[in-house]
Amino acid sequence: MTGAELIRSTIFHTTGDPYRDSQTFVAIDDGGLLVRDGRIAACGDFAAVRAAHADVPVTDWRGGYVLPGLVDTHVHFPQLRVIGHLGGSLLDWLERAALPEETRMADVTYARDTARRFVRALVSHGTTTASVFGAHFAPATAELFDAAEVIGMRIAAGLVLSDRRLRPELHTTVETAYRESTTLIGRYHGHGRALYSVTPRFALSASEAMLEVCQTLMREQPSIRCQSHINEQRDEIGAVATLFPWAEDYLGVYERFGLVGDRTILAHDVHATASEIERLADSGTTVAHCPASNAALGSGIFPFRRHLEAGVRCALGTDVGGGVGFGVLKEALQAYLMQRSAPEPMVLTPPHLLYLATRAGAEALGLAHLIGDFETGKAADLVYLRPPEDSVLADVLRGARDLDRVLSALITLAGAESIRDVRVDGDVVYRSEVA
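Thresholds, definitions, all that
Residues numbered from 1 in each chain as written. Predicted model: local features only at pLDDT ≥ 70, side-chain atom pairs only at ≥ 80, totals over all residues. Heavy atoms only, no water. Helix = DSSP H or I, 4+ residues; strand = E, 2+ residues; numbered from the N terminus. Expected span 1.5 Å × (residues − 1). Buried < 20%, exposed > 50% of the residue type's maximum accessible area, 1.4 Å probe, protein only. Contact = heavy atoms within 4.5 Å. Polar contact = N/O pair within 3.5 Å; in protein donor to acceptor, adjacent residues only side chain to side chain. Pairing = 2+ DSSP bridges. Salt bridge = Lys/Arg side-chain N within 4 Å of Asp/Glu carboxyl O. Right-handed = clockwise from strand over helix to strand, strands pointing away. Axes fitted to C-alpha atoms, helices over the stretch in contact; angles between N-to-C directions. Phe/Tyr/Trp six-rings, centres within 6.5 Å; stacked < 30°, edge-to-face > 60°. Lys NZ or Arg CZ within 6 Å of the ring centre and 35° of its normal. Arc of directions from axis to C-beta.

J.: Looking at this model, I keep getting lost on helix α3 (residues 108-124). Mind explaining?
T.: Along an α-helix, a turn takes 3.6 residues, which lines up residues three or four apart on a common side. A rise of 1.5 Å per residue sets the reference length of α3, with its 17 residues, at 24 Å; its end C-alpha atoms lie 24 Å apart and thus fit the reference within 8%. Every buried residue of α3 is accounted for by Tyr110, Ala111, Thr114, Ala115, Phe118, Val119, Ala121, Leu122, Val123 and Ser124. Taken together, the buried residues of α3 touch β5 (70-76), α2 (90-103), β6 (127-133), α4 (138-151), β15 (419-424) and β16 (427-431). Of the residues that open α3, the one with a side-chain oxygen 3.0 Å from the backbone nitrogen of threonine 109 is aspartate 107. Positive backbone phi, at 90°, marks glycine 126, one or two positions downstream of α3.

J.: I'm lost on the pairing of strand β2 (residues 25-36) in this one. Help?
T.: Both strand β1 (residues 4-14) and β2 contribute to a ladder of 10 bridges, which runs antiparallel. Residue leucine 6 lies in a different strand from β2, and its bridge partner there is leucine 34. Across six bridges, the pairing between β2 and strand β3 (residues 39-45) is antiparallel. Residue pairing in the sheet places arginine 36 in a bridge with arginine 39 of β3. What sits between β2 and β3 in their antiparallel hairpin is a turn of two residues, with aspartate 37 showing a positive phi close to 50°.

J.: Hey, could you run me through the pattern of salt bridges in this one?
T.: Pairing of side chains with opposite charge becomes possible as their charged atoms draw close. One pass over the full model with this rule turns up 30 salt bridges. Between glutamate 143 and arginine 112 there is a salt bridge, with the nearest N and O atoms lying 3.1 Å from each other. Pair noted here: glutamate 143 is in helix α4 and arginine 112 is in helix α3, with a separation of 31 residues, a long-range link. Overall, the relative accessible area of 28% leaves arginine 112 in the partly exposed class. With its nearest N and O atoms 3.6 Å apart, the salt bridge here joins arginine 279 to glutamate 248. In this pair, arginine 279 is assigned in helix α9 (residues 274-283) and glutamate 248 in the loop between α7 (234-243) and α8 (250-256), connecting sequence segments 31 residues apart. Owing to a relative accessible area of 60%, glutamate 248 belongs among the exposed residues under this scheme. One network of salt bridges, in which partners are shared, links Arg39, Arg154, Arg193, Asp381, Asp425 and Asp427.

J.: I'm lost on the pairing of strand β12 (residues 286-289) in this one. Help?
T.: Moving residue by residue along a regular strand, the side chains alternate between the two faces of the sheet. The side-chain alternation of β12 yields two buried faces, one formed by Thr286 and Ala288 and the other by Val287 and His289. As a crossover connection, the stretch from strand β11 (residues 264-268) through α9 into β12 is right-handed. With four bridges joining them, β12 and strand β13 (residues 313-316) adopt parallel strand pairing. Within β13, the residue paired with histidine 289 across the bridge is leucine 316.

J.: Explain the sheet that holds strand β14 (residues 382-385) here, please?
T.: Each strand in a sheet pairs with another by means of backbone hydrogen bonds, the pair being arranged parallel or else antiparallel. Spatial ordering of the open sheet is given by β3-β2-β1-β4-β14-β15-β16, a layout of seven strands whose pairing is mixed. Across the chains shown, the open sheet's two edge strands, defined by having one partner strand only, are β3 and β16. Neighbour to neighbour, the strand axes of the sheet diverge by 35° on average, direction disregarded.

J.: Is there a simple way to explain the packing of aromatic side chains in this structure?
T.: The way to describe two aromatic rings as a pair is by their centre distance and the angle between their planes. Scanning the entire structure with this criterion turns up 10 aromatic pairs. Three or more aromatic residues link up through ring pairs in this structure, and these residues are Phe77, Phe118 and Phe326. When the ring centre of tryptophan 246 is taken as origin, the NZ or CZ atom of arginine 256, which lies over that ring, is 4.3 Å away.

J.: Can you help me understand helix α5 (residues 174-188) in this one?
T.: With 15 residues, α5 ought to run about 21 Å at 1.5 Å a step, and its terminal C-alpha atoms sit 21 Å apart, in line with that. Every buried residue of α5 is listed here: Thr176, Ala177, Ser181, Leu184, Ile185 and Tyr188. Taken end-on, α5 shows its buried residues confined to a sector of 155°, consistent with a single buried face. Exposed side chains of α5 directed beyond 90 degrees from the buried face belong to Glu175, Thr183 and Gly186. Structurally, α5 contributes buried residues whose contacts are with α4, β8 (160-161), β9 (194-200) and α6 (208-220).

Function cannot be read off these values alone, since they describe shape.
Pasting the structure below:
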């Protein structure tokens, strides 16, 4: 985007974690967000911003709400069409629902169509940045990167690597894994809005030799990311312990191969030990909390309080196939609901939920210098929400007496129908057809 635009709307963002510092939550009733050449030039009360920039054209979004672009830190591209396969454990669900669909990504035409629909679904729910599991096939993973580039969203993604305990069609060799990953890294990492994430599916399906390939890739390319799964269900954890008898625990497998640290996102961690939580915090590794998936697959309730009090970085992931859809705000709501019922209950406030859906995801991906809030100089990644006039959400908002109540209602009720405009670097990547 070139030129300048002053957006007038109610604005919410967090410049840090409100759980630790309430002053990092910013809510402006009549806000002004100045965007210049795709960057945030100012954010504050509209009258003050307008007075300092009287010549800039105004986009009047009063009656709506502007948030930073949502960040999904764990989502599977090939699982678009398996949402709603309810029942069964993780391993049963993989065999019955997810893996058959993932084998179809060998068909490049099918993968291309899936990728286009997938990125469209993300942006239509307000997601501007996502950490994405690609396919087990390099051409299909390339289609994902290409689709994201066309639509204009940010992704960190990678070829999914497995060499055992899945369907044979999804296995690869260590030589092929290294060669294809290296090619994809050279083609996409750091190009445009794309980043590469080394992606061993999980320790259960990756041999020591495959994990060594992942370690080599991370050493050779110090700016790439890593993503995988950990401690999702007890039968999975038991199987990993059998496969890696030398490891102290599930996390110990990834530690052995240098796959933990501030460049790594590990999804779920429902059944973490106290030692694992402490080591996750010390290493700076992020846990992608996927509450809807954890509930749908019967994985259990994430011990959020223990992670938070230990200092583990946490953000939100939709998971998609194992979850219930693409809405990061819906995941924020699910996180709130499940933590109210947790064995160690806690109340996640609306400001903290907003942080988890935006700035925390930026931090997880090493992008907090660029996205996640509306501080001056950051990219103009934003989502404009305005519910339909005849919706329940609109009725609730008309009666809201303060901005905390407004944000609470948005997190509870706002879905894709309320997403009107989505921007990345100030560029429109989605615009609702609703007037």
